[in-house]
Amino acid sequence: MDTTRHSPLDEQQLEERGRALARRQRERNLRRILDNPMLMIGAVVMVVLIVVAVVGPWLSPYTQFQLQIEDKLTGPSARHWLGTDDFGRDLATRLFHGLRTSLAIGLAVTVLSALAGTAIGLVSAYFRRVDGVLMRVMDGLMSFPSILLAICLMAAFGAKIENVIIALTIVFIPHMARVVRSAAVSVNEEMFIDAVQSQGASSLRIILRHVLPNIVSPIVVQATFIFADAIITEASLSFLGAGVPPPGASLGSILQDGKALIFASWWIVVFAGLITILCVFGLNFLGDGLRDHFDPRSGKRRTVAGLAKGQILRVVGVGGRSGSTPPDAGSQAETPAAQANAEAEIHTDVKGRAGHGE
Amino acid sequence: MVTFILRRVLSLIPVLLTVFVVVFLILHLAPGSPASVMLGEEATQEDIAALNAELGLDRPLVAQFLSWSGGALTGDLGTSYFLGMPVTQAIVEHISPTFGLAVIAEIIAIVIAIPLGVLAARRRGSHTDRTILAGSLLGISVPSFLLALFLLLIFGVWLRWLPVGGYEPLSSGFTVWLAYLILPAVALAAMQAALVTRMCRSSMIDVLQVEYIALARAKGLKESKVLFKHALRNGFLPVLTVLGQGLGALITGAVVTETIFTIPGLGTLVVNSIMHRDFPVVQGVVLFTTVVFVLVNLLVDILYGVLDPRISVTAKK
């Protein structure tokens, strides 16, 4: 501790400088966020969608179940901006409710699978004895195409909205667990963990207080992609009839109706599809942006050539959630950039030719 | 080399085992046995119990699992409850549409993606490159079943160029067969193509930087020869990996896409069987699909090791 006595004026100056420094740091961070186009686009899109989902049903002059048979199967018009379905229900209102349902399910699944997946990943990374077993189980679960696993679970549990959430959570837990384990393992190897261990800290304390705070960013990024994935998978489930049961509606069930009516009304499929795509795009952009924000190196790495020998080659590809192979049969086609961006890092010696390292 | 292969094969066994067990458990622990589904709501408890006993469903789970796995290893996957035929036969009857779909989709993906990837790498940073990258981002982001729906709408409903659903076997004529499969194949291929384009591009960028390419150009080789004979050959390996892994994506995508286009393939089979609690079929198909996928990945791994001996020699953790 500095024992030199500061005059009151010096103290004041120091404080001010400290505050100015902090403010500049905050401004720099904000600048980084604002300059990140993916992040901004994703965030804006998602905010808009959430606002629409929350406020939309309220603002609409129609209710979700309001039948106006005389209006059935009309296209976009002044009365019904997005058209009606075969029961005369206003499509826009249905879409607002559907968006609400889909987003709510997606959010629930994301939060639950993040919690459970993080727990499993942390435990697996810290306690090597259970690591093998846990990861094999996770690999096994991930070997399934997620749709099939989800349908199986829904058939097992029965068609209720809570079961959709449970089933999807189970499907996505391994995805989070793998990422968390991977990140936690590298943190565990840091010296400060040894230091804290030798001080006698309990395992729980170490995990929660030291490991977890350091792996927050991959968790957040992965959670965003899981959200996107969950929305698609739920939509597919409901589309197949194995998801949200009627009369509830999610984007997927509206799409199912639309498909059945596709010859009579193009607007149902088009608008429901567009909203779903918008959701997925928004979330993927957000995830990409967040990832670039937390790890700026990855943005530059993509165009770097001539890797030094043994250097990590980032493979943007399907499946292979970070961590070890075996490649999983669960590489879903339904997952957009989520897959492409859950980058598998492959150590190769293949590119050892180039002389210049990076 | 042999040890390399053996080790890869052995590492698959735990995964396969887990898959078996998980499928089995999910279906068997579900409330509502096939018997009750088959007999309907009117059935009495005795009837259900009797049918369960007949189907062998009242034995302890472990016994059921063992007998099923034992049969599976010898090629007997049991008999379907609903279709009245051996599971193996059901699979065989439903496999050609799915296989055809997968093949067409892979071909489309390759034909589109590799030239685009090479082009983008060659013109890195240019407008061409950026357009291609943007396009690939689009391809990755649009879920294939939505793409399928839109394609159906545009080509099947509005333009009426192609049929809206159904399937004709290859024996009915190539054009007819293709007409039924092309839309779903494109829907599935889009994501694959996008991923392969990106992979090819980044791999080619890396390779093109290397000295021997400069040497080839200095020698006066035609640019196309430089690109394809030297650069692509060396940069192809990661692309191969993505293609192999993409097979899994195709299988998944096929499930919903087949339903959209009413194609009687494995996807439709498994979805319907799950709804009907037709355990043997579900188990059989999931098993089959997973094994195929795992084998393809194994093949890719081995090919990788063969094409670049350094990989098989490097000690793997």
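For the structure itself, look to the data block above.
1. What to know about the nonpolar core
When a protein is soluble and globular, its nonpolar side chains tend to lie buried together. With 156 residues, the main nonpolar core has B:F145 and B:I260 as its most contacted residues. Tallying contributions element by element places helix α8 (residues 174-208) of chain B first for this core, with 18 residues. Excluding anything up to four places from it in sequence, B:I260 contacts A:F239, A:K259, B:F145, B:A148, B:L149, B:L152 and B:V164.

2. Topic: a nonpolar patch on the surface
Residue and element names in this part refer to chain A. On the surface, a cluster of nonpolar side chains totalling about 730 Å² of accessible area is made up of V47, I50, V51, V54, V55, W58 and L59. As for its placement among the helices and strands, L59 is situated in helix α2 (residues 37-59). A relative accessible area of 63% places L59 in the exposed class.

3. Quick look at the pattern of salt bridges
All names here are of chain A. Under the definition given, this model contains 11 salt bridges over all chains. E15 is paired through a salt bridge with R19; the nearest N and O atoms lie 3.7 Å apart. On the criterion of helical spacing, the pair formed by E15 and R19 is a turn pair, its members being four residues apart in helix α1 (residues 8-34). Residue E15 is classed as partly exposed on the basis of its relative accessible area, which comes to 49%. In this structure, R181 engages D131 in a salt bridge whose closest nitrogen and oxygen atoms are separated by 2.7 Å. In this pair, R181 is assigned in helix α6 (residues 161-188) and D131 in helix α4 (residues 128-142), connecting sequence segments 50 residues apart. Residues R181 and D131 agree in their burial class; the two are buried. Three or more residues are tied together by salt bridges with common partners; here these are D85, R89, R94 and D257.

4. Observations concerning the packing of helix α7 (residues 144-158) of chain B against α8(B)
Residue and element names in this part refer to chain B. Running from amino to carboxyl end, α7 crosses α8 at an angle of 145 degrees, the nearest separation of the two axes being 9 Å. For the pair α7 and α8, the crossing hand works out as right-handed. Residues S144, L147, A148, L151, L152 and F155 of α7 pack against L183, V186, A187, L188 and A190 of α8. When grouped by side-chain class, the residues that make up the contact of α7 with α8 number 10 nonpolar, one polar and no charged.

The rules we used
- Residues numbered from 1 in each chain as written.
- Chains lettered and ligands numbered in written order.
- Predicted model: local features only at pLDDT ≥ 70, side-chain atom pairs only at ≥ 80, totals over all residues.
- Heavy atoms only, no water.
- Core = buried A, V, L, I, M, F, W, Y, C linked by side-chain atoms within 4.5 Å.
- Buried < 20%, exposed > 50% of the residue type's maximum accessible area, 1.4 Å probe, protein only.
- Helix = DSSP H or I, 4+ residues; strand = E, 2+ residues; numbered from the N terminus.
- Contact = heavy atoms within 4.5 Å.
- Patch = residues over 30% accessible without salt bridge, like charges linked within 9 Å, V, L, I, M, F, W, Y side chains within 5 Å.
- Areas by Shrake-Rupley, 256 points an atom, 1.4 Å probe, with all protein chains shown as cover.
- Salt bridge = Lys/Arg side-chain N within 4 Å of Asp/Glu carboxyl O.
- Axes fitted to C-alpha atoms, helices over the stretch in contact; angles between N-to-C directions.
- Left-handed = near helix turned anticlockwise from the far one by under 90°.
- Nonpolar A, V, L, I, M, F, W, Y, C, P; charged D, E, K, R; others polar.

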